[in-house]
Amino acid sequence: MNRKLPLFRRAFLDPWRSSLGWAAGLAAAIALYLPLFPSIGGSSQMQGMINALPPEMTKALNYDQIATGTGYTQATVFGLIGFLLMTIATVSWGAAAIAGDEESGQLELTLAHGVTRIQVAFERALAIALRVVLLAFLVLVLILSLNESAQLKINPQNLFGATVMFAGLALLSGTGALFAGALTGRKAYGLAVGAAIGVLGYVFNAVGRQSPDLNWLLNLSPYHWAYGNSPVTNGADWAAAGWLWGISAGLVLLSAAALQRRDVGA
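None of these values were measured; they are calculated from a predicted model.

J.: So what's going on with the overall build of the protein chain? Which residues, and what values?
T.: Along the protein chain, the regular secondary structure elements total 13 helices and 0 strands. Counted from the first residue to the last, the protein chain has its helices and strands arranged as α-α-α-α-α-α-α-α-α-α-α-α-α. Dimensions of the protein chain along its principal axes, counting C-alpha atoms only, are 65 × 40 × 30 Å. In the protein chain, the proportion of contacts linking residues at least 24 apart, taken out of those at least 6 apart, comes to 77%. With the model as given, the accessible surface of the protein chain reaches about 12,700 Å², and the carbon-plus-sulfur share is 65%. Charge separation in the protein chain, taken as the distance between the mean sites of 15 positive and 12 negative side-chain charges, equals 8 Å.

This is the structure we're talking about:
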């Protein structure tokens, strides 16, 4: 165990098939949705379909700007299918990182090899973060590659900011799952907490946009922190990005503290 970051290496490299699977899913979604924009975006038929939907549904689905290339990319890739895929991936990784190993008995074996609990929490969190960053980078590269052919007219600088928000939002669900798993030792609780962060964030954003009386819900929605500024169109809200990434860092610290304080396998 004298190599640097041995747990990180294993946590990052061992599930390479899973990483490739999620990368393929994101690539397929981008390749499916974005090339369709020239045939539907900005057309009178498309605008008519949007106008025919109830305004509440349009806002809930973030389709109010879908007639532009930036709005279409924001709504379909970052706000819907990409968000869904990345949230599922990070929640599963976070829940399995500590609690999954503990339930299988592997965590006790790992700790018997001279590593600390804090090391387990930090190195496995680092592996999750790097996988998220790499998948987000893939999304950035693929969208840039289709930007001209799909007539999206996206500013690369704005796209970079949106990708940072996208990764930060996904990582928040993952670190929430990590913390719940470290606190309880139960993978099911990690899955529940991580999924709740993603689902409630989406719901609070959808409901909060329906009425000025419900705007306060937007303050509780990580989804709105990430996308309320329409970053693909307007650029990232870097203060919000700081909150997303900062809270994730805090959850990793809490995960390490929680694992340090309780009996493993109890």
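J.: Talk me through the environment of Leu-130; I want residue IDs and the actual numbers.
T.: If you trace the backbone, Leu-130 turns up in helix α8 (residues 117-147). Ignoring any residue separated from it by four or fewer positions in sequence, one finds Leu-130 in contact with Phe-8 and Phe-12.

J.: Residue-level account of the pattern of salt bridges, with values.
T.: Pairing of side chains with opposite charge becomes possible as their charged atoms draw close. According to the stated counting rule, one finds 3 salt bridges in the structure shown. We note a salt bridge from Arg-124 to Asp-101, for which the minimum N-O separation is 2.9 Å. Placement of the pair is Arg-124 in helix α8 and Asp-101 in helix α6 (residues 69-104), with a sequence separation of 23 residues. Given a relative accessible area of 10%, Arg-124 falls into the buried group. One salt bridge in this structure joins Glu-102 and Arg-262, with 2.5 Å as the shortest N-O distance. Of this pair, Glu-102 sits in helix α6 while Arg-262 sits in the segment after α13 (238-261), and the two are 160 residues apart along the sequence. In terms of burial, Glu-102 and Arg-262 fall into one category: buried.

Conventions adopted
- Residues numbered from 1 in each chain as written.
- Predicted model: local features only at pLDDT ≥ 70, side-chain atom pairs only at ≥ 80, totals over all residues.
- Heavy atoms only, no water.
- Helix = DSSP H or I, 4+ residues; strand = E, 2+ residues; numbered from the N terminus.
- Contact = heavy atoms within 4.5 Å.
- Areas by Shrake-Rupley, 256 points an atom, 1.4 Å probe, with all protein chains shown as cover.
- Lys, Arg positive; Asp, Glu negative; His and termini not counted.
- Charge placed at Lys NZ, Arg CZ, Asp CG, Glu CD.
- Salt bridge = Lys/Arg side-chain N within 4 Å of Asp/Glu carboxyl O.
- Buried < 20%, exposed > 50% of the residue type's maximum accessible area, 1.4 Å probe, protein only.

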